[in-house]
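# Observations on the three-dimensional arrangement
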Amino acid sequence: MEQYKEKILEVCNKACENTLMQTLDIEFTDVGENFLTARMPVTPKVHQPDGVLHGGATVALAESVASAASYIFLDGQKFFVRGIEIAANHIKSISEGYVIAKAVIIHKGRTTQLWEIRVTNAEDQLISLCKLTTIALPKA
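As a starting point, this report considers the structure included with it. Please read all numbers here as calculations on a predicted model, not as lab measurements. (Residues numbered from 1 in each chain as written. Predicted model: local features only at pLDDT ≥ 70, side-chain atom pairs only at ≥ 80, totals over all residues. Heavy atoms only, no water.)

### Observations concerning the overall build of the protein
- Looking only at helices and strands, the protein features 3 helices and 6 strands.
- Ordered by position in the sequence, the α and β elements of the protein form the string α-α-β-β-α-β-β-β-β.
- What you see for the protein is a C-alpha radius of gyration of 15 Å, in line with the 14 Å of a compact globule of 140 residues.
- Projecting the C-alpha coordinates of the protein onto the three principal axes gives extents of approximately 45 × 30 × 25 Å.
- For the protein, buried positions account for 41% of its 140 residues.
- Sequence-distant contacts in the protein: of pairs separated by 6 or more residues, those separated by 24 or more amount to 57%.
- Summing over all exposed atoms, the protein offers an accessible surface of approximately 7,900 Å²; the carbon and sulfur share of this is 52%.
- For the protein, the separation between the mean place of its 14 positive charges and that of its 16 negative charges on side chains is 7 Å. (Helix = DSSP H or I, 4+ residues; strand = E, 2+ residues; numbered from the N terminus. Rg over C-alpha atoms; globule rule 2.2 N^0.38 Å. Buried < 20%, exposed > 50% of the residue type's maximum accessible area, 1.4 Å probe, protein only. Contact = heavy atoms within 4.5 Å. Areas by Shrake-Rupley, 256 points an atom, 1.4 Å probe, with all protein chains shown as cover. Lys, Arg positive; Asp, Glu negative; His and termini not counted. Charge placed at Lys NZ, Arg CZ, Asp CG, Glu CD.)

Here it is, written out as structure tokens:
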């Protein structure tokens, strides 16, 4: 995995062009044997009206990183990967800096997968804990 790390990150980041991920400035930053990490800046464009990170932006980050991880680890050449359910518990607010999302696979079935996504701040404090269920459908 280490020898392909930079190429995987390059492909993930390139795939973000002209998408919601680019709009939110999401950047994939690390990949390992069973995880993918991305970060997103916390600026006024992702704030709620009261000046803290919007939960919807957090969920968009979580789903983006786990969906990309599914594509990487489930052979995106052979399967369409789609999110079918996402849940989030928002623990702590943040108004500036970056949030970092790390998606780790919990269950890797042939059809469905379960991902845990921990969203933290730069000090590794938990901001949100999310889970995403994906489905892998064969390409025709």
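Now that the structure is up, let's keep going.
### So, the side chain of Gln-113
- Within the element layout of this structure, Gln-113 appears in strand β5 (residues 112–120).
- Within the structure, the side chain of Gln-113 is placed 3.2 Å from the backbone oxygen of Gly-109, a separation counted as a polar contact.
- Separated by 2.7 Å, the side chains of Gln-113 and Thr-134 make a polar contact.
- Once you skip the residues sitting within four places of it in the chain, Gln-113 turns out to touch Leu-74, Ile-105, His-107, Lys-108, Leu-132, Thr-133, Thr-134, Ile-135 and Ala-136. (Polar contact = N/O pair within 3.5 Å; in protein donor to acceptor, adjacent residues only side chain to side chain.)

### Some thoughts on the sheet that holds strand β1 (residues 27–31)
- If you trace the 6 strands from one edge of the open sheet to the other, you get β1-β2-β4-β5-β6-β3, paired in antiparallel fashion. With one partner strand each, in any of the chains shown, β1 and β3 (79–90) form the two edges of the open sheet. Within the sheet, the average angular offset between the axes of one strand and its neighbour, ignoring direction, is 25°.
- Bridging between strand β4 (residues 97–108) and β5 involves 8 bridges; their strand directions are antiparallel. (Pairing = 2+ DSSP bridges. Axes fitted to C-alpha atoms, helices over the stretch in contact; angles between N-to-C directions.)

### Re the packing of aromatic side chains
- A complete count under the given rule lists 1 aromatic pair for this structure.
- Taking the ring centre of Tyr-98 as reference, the NZ or CZ of Arg-39 above it sits at 4.0 Å.
- Sitting over the ring of Phe-35, Lys-102 keeps its end group 4.5 Å from the ring centre. (Phe/Tyr/Trp six-rings, centres within 6.5 Å; stacked < 30°, edge-to-face > 60°. Lys NZ or Arg CZ within 6 Å of the ring centre and 35° of its normal.)

### Here we look at helix α3 (residues 55–73)
- Its 19 residues place the ends of α3 27 Å apart at the C-alpha level, agreeing with the 27 Å of an ideal helix rising 1.5 Å per residue.
- Phi turns positive one or two residues past the end of α3, at Asp-75, with a value near 65°. (Expected span 1.5 Å × (residues − 1).)

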